[in-house]
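# Residue-level structural notes
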Amino acid sequence: MRQADRPEMPLPPKPKKSLGQNFLVNQGICERIVKLLPLAPESLVLEIGPGAGALTKYLAQAPHAALLLLEKDRELAKTLGVLADGKTDIVNADAMKFDWSRLNSLGVWNICGNLPYNVASPLIWDILAKASYAKAVFMVQKEVAQRFAAKPGTGAYGALTVWAGCHARPRLEFTVAPGNFRPMPKVDSAVVSFTPLPVDQWPQNPRALKKLLDLCFQNRRKQLGGIFRKHGQQSLLQALEELGLAPSLRPENLSCQDYMNLAGAIS
């Protein structure tokens, strides 16, 4: 089917609050999101939560070899079926339970989506560490986007920032007002992009890194020396000294590389 002949998507059904559905209706923003992806005729593209297909329309018009639509809502997945052709497939599945290894076996993907606020953080956390992608671009709550792109020493800097920075280069691209969605959310949204770091620069022990981030940022107002002593992490206290990091520093003062260096000492 030629792109010009692709059937138009019908109006979206009533949004389901349980799934956090807020449909993007501004076509200009859809175009901007697609332009952030480095698409070429050989590109593999995955859209998470296509909903009624607003963003899908522009992805289908852009150069690509395959377009995979991952939609949890069974009714919407069925509606999206009108877009199925030799290059487009629709999978009715929950992205939070998706097996990224199946996707990775097919090649390197460009991933995008207007994500429900309630699953955006854990979903992106998972994708950054498991998916094989060239670039990922997501619409999320503005506050979450700011956390991904935060700098050390700022209030927004936290576990999410460090985890993302250890796997990719995050960038807050632009903000989006509530009026661009139906229904309108109560807060601003933002588009954030991720360009993956080379795999050999990723954390060598991601489980240890996650444990370290949980330990530190659950106590983010305290000094690192006090946190490690309280939790019996003598090896971390020693690692601080060896790395030349003062025990008086707080969790938000360390860089992504500092955390990866410390992760090897966690017990």
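Placed above this text is the structure.
Source: prediction; values computed, not measured. (Residues numbered from 1 in each chain as written. Predicted model: local features only at pLDDT ≥ 70, side-chain atom pairs only at ≥ 80, totals over all residues. Heavy atoms only, no water.)

### Some points on the sheet that holds strand 5 (residues 109-114)
Spatially, the 7 strands line up as an open sheet ordered 4-3-2-5-6-9-7, and their pairing is mixed. Whereas interior strands pair on both sides, the edge strands pair on one side only; in this sheet they are strand 4 (88-92) and strand 7 (168-176). Going across the sheet, the axis of each strand differs from the next one's by a mean of 15°, ignoring polarity. Pairing of strand 6 (residues 133-141) with strand 9 (residues 189-196), which is carried by 6 bridges, proceeds in the antiparallel orientation. When the sheet's bridge partners are listed, valine 140 is paired in strand 9 with alanine 190. Across the sheet, helix 1 (residues 27-35) touches strand 6, strand 7 and strand 9, and the angle it forms with strand 7 is around 165°. On the sheet, helix 5 (residues 120-130) packs against strand 2 (44-48), strand 5, strand 6, strand 7 and strand 9 and is oriented at approximately 170° with respect to strand 6. (Pairing = 2+ DSSP bridges. Helix = DSSP H or I, 4+ residues; strand = E, 2+ residues; numbered from the N terminus. Axes fitted to C-alpha atoms, helices over the stretch in contact; angles between N-to-C directions. Contact = heavy atoms within 4.5 Å.)

### Topic: the pattern of salt bridges
In total, this model carries 5 salt bridges according to the counting rule given. Salt-bridge contacts for lysine 130 lead to aspartate 126; the nearest nitrogen and oxygen are separated by 3.0 Å. In this pair, lysine 130 and aspartate 126 both sit in helix 5, 4 residues apart, roughly one turn of the helix. Put simply, aspartate 214 and lysine 210 hold a salt bridge, and the shortest N to O gap is 3.0 Å. (Salt bridge = Lys/Arg side-chain N within 4 Å of Asp/Glu carboxyl O.)

### Structural notes on the state of the cysteines
Inspection of every chain in the model, using the stated rule, returns 0 disulfides. No disulfide involves cysteine 112; its sulfur sits 9.8 Å from that of cysteine 30, the nearest cysteine. No disulfide involves cysteine 166; its nearest neighbouring cysteine sulfur is the one of cysteine 256, lying 4.5 Å away. (Disulfide = S-S within 2.5 Å.)

### A closer look at the packing of aromatic side chains
Overall, the coordinates contain 6 aromatic pairs when judged by the stated rule. Taking 6.4 Å as the distance between ring centres and 50° as the angle between the ring planes, the aromatic pair formed by phenylalanine 138 and phenylalanine 194 counts as tilted. On the criterion of sequence distance, the pair formed by phenylalanine 138 in strand 6 and phenylalanine 194 in strand 9 is long-range, its members being 56 residues apart. Both residues of the pair, phenylalanine 138 and phenylalanine 194, count as buried. These aromatic residues form a ring-pair network of at least three members: Phe138, Phe148 and Phe194. Between the NZ or CZ atom of arginine 32 and the centre of the ring of phenylalanine 174, over which it lies, the distance is 3.8 Å. (Phe/Tyr/Trp six-rings, centres within 6.5 Å; stacked < 30°, edge-to-face > 60°. Buried < 20%, exposed > 50% of the residue type's maximum accessible area, 1.4 Å probe, protein only. Lys NZ or Arg CZ within 6 Å of the ring centre and 35° of its normal.)

### What about the side chain of histidine 64?
Mapped onto the fold, histidine 64 is located in the loop between helix 2 (54-61) and strand 3 (66-71). On the basis of relative accessible area, histidine 64 is assigned to the buried category, the value being 5%. For histidine 64, the side chain forms a polar contact with the main-chain oxygen of alanine 62, separated by 2.8 Å. (Polar contact = N/O pair within 3.5 Å; in protein donor to acceptor, adjacent residues only side chain to side chain.)

These results come straight from atomic positions and should not be treated as a statement about function.
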